[in-house]
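Understanding the architecture of this molecule
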Amino acid sequence: MTARSVFDESTPIYIQIMDMIKQRICAGQLSRGEKLPSVRDMAIELRVNPNTVQRAYQELEREEMVFTQRGMGTFVSKDKDKIDAVRKELASRLAQQFVDGMFSLGFAKEQIKHYVETYLENGHTTGPDGKERR
Amino acid sequence: MNSILELEGLKKRYGSIWALNGIDLRVDEGEVLGLLGPNGSGKTTMLKLIAGLARPTDGRILINGQKPGPLSKAHTAMLPDVDHIYRWMTVRQAIDYVSSFYEDFDHDKARRLIELMNIEMDMKVGHLSRGMSERLKLVLTMSRNAELILLDEPLGGIDPTSRDKIVYAIATEYRWEHSAMIIATHLVRDIESLFDKVLFLKSGQIALYGSADELREKYNGSVEDIFKEVFA
């Protein structure tokens, strides 16, 4: 049994469920055309109200990330371009969060690039003083 | 959506104190309502009136279209905030005893819940720890396939590490499609993910009511944060 709610309760839970499902789709953990867990099973897994899961599924359907088949359930979209677009959207959101964080720590553009490059090379970053930072 | 519970201008006076002062509310099938407020705000009074354990001073209560009475009681399960089980019984006897009163008691569900909660069947109720006895009360309430489930402080007396188990038990064994549930609590954070609507009660009146996610969006915070703001 996992710890209690996996969510940050300070933002709407249905949006966090949408993001989680989008991530699973983009990461390939849910493949194109795959059936999503039922609203009830998802609600139990996440310890949330089924109405909240229902809302998340509806919004994902509006965004065409999933589709419903009457009596069959909810399925991941088969549209590769659509999924690629959402994947890019998630990527730029991550990039924005990272860059915003670095700017707020007072780093300049070139220094930020340096951090990204060294991290990609070594799996950890080296500060300007040459000491390793984990 | 079918409404399971309707309250109209509900009032309750104890002596010169208005414990509830004009509550209007509708709870639909499938809804989980968080009834939130500090001590003495009227939460328990409201649940007692709905359960038919006390009579309103004024106003109307309808459960599936019925006034509280023998008929509605057969479809309403209440977890009271007091101990109501004979201490000399074993857990097994307590289950048999309570189940004999209710046609909707589901023995399989009781067995699953007893196992999930790690309660020893042959223990005497009087020998259970506070937390275990709270769990047993919850098992007895949740084992009924009732249309309306009323939980008064289900996390009271449960240590923080065990609260997730209670929330999990409620999530798995609640029949979402056929019932409605009201959970009165002041331990908001541990259980707020289960609510879809919340009602903040302040001195017997509704201070705030709405969808949990919409309130999170509007106030830019958790239901617990909003609770602190409303009752500060």
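Everything quoted here is computed from the prediction, not taken from an experiment.

1. A few points about the overall build of chain A
Counting its secondary structure elements, chain A contains five helices and four strands. When the helices and strands of chain A are listed from N to C terminus, the series reads α-α-α-β-β-α-α-β-β. Taken across its 134 residues, chain A has 24% of its residues classed as buried. Sequence separation of at least 24 residues holds for 51% of the intrachain contacts in chain A that already meet a minimum separation of 6.

2. Remarks on the overall build of chain B
Broken down by element type, chain B carries eight helices and nine strands. Relative to a compact globule of 232 residues, whose C-alpha radius of gyration would be 17 Å, chain B shows 17 Å and is just as compact. The principal-axis extent of the C-alpha atoms belonging to chain B is close to 45 × 40 × 40 Å. Going through the 232 residues of chain B one by one, you find that 44% of them count as buried. Nonlocal contacts in chain B, meaning residues at least 24 apart in sequence, comprise 71% of its contacts between residues at least 6 apart.

3. Quick notes on the sheet that holds strand E1 (residues 3–14) of chain B
The strands making up a sheet associate through backbone hydrogen bonding, with each pair oriented either parallel or antiparallel. Residues and elements named next belong to chain B. As summarised here, the arrangement of the three strands in space is E2-E1-E4, forming an open sheet in which the pairing is antiparallel. The sheet terminates laterally at strand E2 (17–28) and strand E4 (58–63), the two strands that pair on one side only. This sheet shows a mean twist of 15° between the axes of neighbouring strands, independent of strand direction. In terms of strand pairing, E1 meets E2 through nine bridges, oriented antiparallel. Directly across from Leu-10, in E2, lies its bridge partner Ile-23.

4. Describing helix H1 (residues 43–51) of chain B
Residues and elements named next belong to chain B. H1 sits mainly inside the fold: nine of its nine residues count as buried. Lys-43, Thr-44, Thr-45, Met-46, Leu-47, Lys-48, Leu-49, Ile-50 and Ala-51 are the residues of H1 that are buried. With its phi angle positive at about 80°, Gly-52 sits one or two positions after the end of H1.

5. Comments concerning helix H4 (residues 107–116) of chain B
Residue and element names in this part refer to chain B. For H4, the complete set of buried residues consists of Ala-110, Leu-113 and Ile-114. Looking down the long axis of H4, one finds its buried residues gathered within 100° of arc, a one-sided arrangement. Pointing more than 90 degrees away from the buried face of H4 are the exposed residues Asp-108 and Glu-115. Where H4 terminates, the next one or two residues include Asn-118, which has phi positive at roughly 55°.

6. Thoughts on the sheet that holds strand E9 (residues 205–211) of chain B
Residues and elements named next belong to chain B. Taken in spatial order, the six strands make up an open sheet running E5-E6-E7-E3-E8-E9, and their pairing is mixed. Each edge of the sheet is formed by a strand with only one pairing partner; in this case those strands are strand E5 (76–79) and E9. Adjacent strand axes in the sheet meet at a mean angle of 15°, parallel and antiparallel pairs treated alike. In this fold H1 packs onto strand E3 (32–36), E5, strand E6 (148–152), strand E7 (180–185) and strand E8 (197–202), with an angle of close to 150° to the strand it touches most, E6. Across the sheet, helix H7 (residues 212–219) lies against E8 and E9, angled at about 95° from E9, the strand it touches most.

7. Examining the packing of helix H1 (residues 13–26) of chain A against helix H3 (residues 50–62) of chain A
Residue and element names in this part refer to chain A. Running from amino to carboxyl end, H1 crosses H3 at an angle of 55°, the nearest separation of the two axes being 8 Å. The orientation of H1 with respect to H3, classified from their angle, is oblique. The handedness of the crossing between H1 and H3 comes out as right-handed. Touching Ile-13, Tyr-14, Ile-17, Met-18 and Ile-21 of H1 are Thr-52, Val-53, Arg-55, Ala-56, Glu-59 and Leu-60, all from H3. A class-by-class count of the residues in the contact of H1 with H3 yields eight nonpolar, one polar and two charged.

8. A look at the pairing of strand E2 (residues 73–76) of chain A
Residues and elements named next belong to chain A. Sheet topology note: the strand E1 (residues 66–69)/E2 ladder contains four bridges and is antiparallel. Bridged to Gln-69 within E2 is Gly-73. In textbook terms, the turn of a hairpin is the stretch between consecutive antiparallel strands, and for E1 and E2 this stretch comprises three residues, one of which, Gly-71, has a positive phi near 80°.

9. Some remarks on the interface of chain B and chain A
On the side of chain A, 20 residues touch chain B, which itself brings 25 residues to the contact. Elements represented by at least two residues in the side of chain B that touches chain A include exactly helix H6 (160–173), H7 and helix H8 (223–231) of chain B. For the side of chain B that touches chain A, the element with the most residues is H6 of chain B, which contributes seven residues. A breakdown of the residues in the side of chain B that touches chain A according to their chemical character gives eight nonpolar, five polar and 12 charged.

10. Quick look at the domain arrangement of chain A
Once the domains are mapped, chain A shows domain 1 (13–78) and domain 2 (93–133). Summarising the inter-unit geometry, the C-alpha centres of domain 1 of chain A and domain 2 of chain A are found 34 Å apart.

11. Details of the environment of Arg-135 of chain B
Along the polypeptide, Arg-135 of chain B turns up in helix H5 (residues 130–142). Taking C-alpha positions, Arg-135 of chain B is 9.9 Å from Ser-162 of chain B, a pair spaced 27 residues apart along the chain.

About the cut-offs
Residues numbered from 1 in each chain as written. Chains lettered and ligands numbered in written order. Predicted model: local features only at pLDDT ≥ 70, side-chain atom pairs only at ≥ 80, totals over all residues. Helix = DSSP H or I, 4+ residues; strand = E, 2+ residues; numbered from the N terminus. Buried ≥ 20, exposed ≤ 12 C-beta atoms within 10 Å, placed from the backbone. Contact = placed C-beta atoms within 7 Å. Rg over C-alpha atoms; globule rule 2.2 N^0.38 Å. Pairing = 2+ DSSP bridges. Axes fitted to C-alpha atoms, helices over the stretch in contact; angles between N-to-C directions. Arc of directions from axis to C-beta. Parallel < 35°, antiparallel > 145°, perpendicular 65-115°, else oblique. Left-handed = near helix turned anticlockwise from the far one by under 90°. Nonpolar A, V, L, I, M, F, W, Y, C, P; charged D, E, K, R; others polar. Domains from an automatic or database assignment.

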